[in-house]
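# Notes for the structure review
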Amino acid sequence: QVQLVESGGGLVQPGGSLRLSCSASGRFFSINDMAWYRQAPGNQRELVAQITRAYNTNYADSVKGRFTISRDNAENTVALLMNNLNADDTAVYYCNAAYRRSAVSGFSEAWGQGTQVTVSS
């Protein structure tokens, strides 16, 4: 079982920056894809950015050029640097990880508890 703990959310003015971090702990064989999702009130949860174990990345069109996802495989962490934030980025941000419990098991999924990001003047 993998536990994910996010940190770094808060209130920021439009045009500002925030860095979210997520740390994975628990018993697992490997962590594969890691990602950040977000959910604004009244909206479905959506993928923001994803990074593979080989550091290949994928971004939602709405954040391309503003957000950067990174990871540290040795530390089992993933981060999201968010620049030039605007009101549409206001949401609860969730860390997500696909992991394997053993060398022969399939993939399981873990979610963090979420961290609030509010962009407002």
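Data block above holds the structure.
So, a few notes on the structure that sits alongside this text. Everything numeric in this text was worked out from a predicted model, so none of it was measured.

## Regarding the packing of aromatic side chains
- Under the criterion given, the structure shown has one aromatic pair.
- When the ring centre of Tyr-94 is taken as reference, the NZ or CZ atom of Arg-45 above it lies at 3.7 Å.
- The side chain of Arg-45 reaches across the aromatic face of Trp-111, ending 4.7 Å from its centre.

## Considerations on the environment of Ser-17
- Along the chain, Ser-17 turns up in the loop between β2 (10-12) and β3 (18-26).
- Given a relative accessible area of 42%, Ser-17 falls into the partly exposed group.
- The spacing of Ser-17 and Thr-57 is 40 residues in sequence and 20 Å in space, taken between C-alpha atoms.
- Excluding residues within four positions of it along the chain, Ser-17 makes contact with Val-12, Met-82, Asn-83, Asn-84 and Leu-85.
- Engagement of the side chain of Ser-17 in a polar contact is seen with the side chain of Asn-83, the distance being 2.8 Å.

What counts as what
Residues numbered from 1 in each chain as written. Predicted model: local features only at pLDDT ≥ 70, side-chain atom pairs only at ≥ 80, totals over all residues. Heavy atoms only, no water. Phe/Tyr/Trp six-rings, centres within 6.5 Å; stacked < 30°, edge-to-face > 60°. Lys NZ or Arg CZ within 6 Å of the ring centre and 35° of its normal. Helix = DSSP H or I, 4+ residues; strand = E, 2+ residues; numbered from the N terminus. Buried < 20%, exposed > 50% of the residue type's maximum accessible area, 1.4 Å probe, protein only. Contact = heavy atoms within 4.5 Å. Polar contact = N/O pair within 3.5 Å; in protein donor to acceptor, adjacent residues only side chain to side chain.

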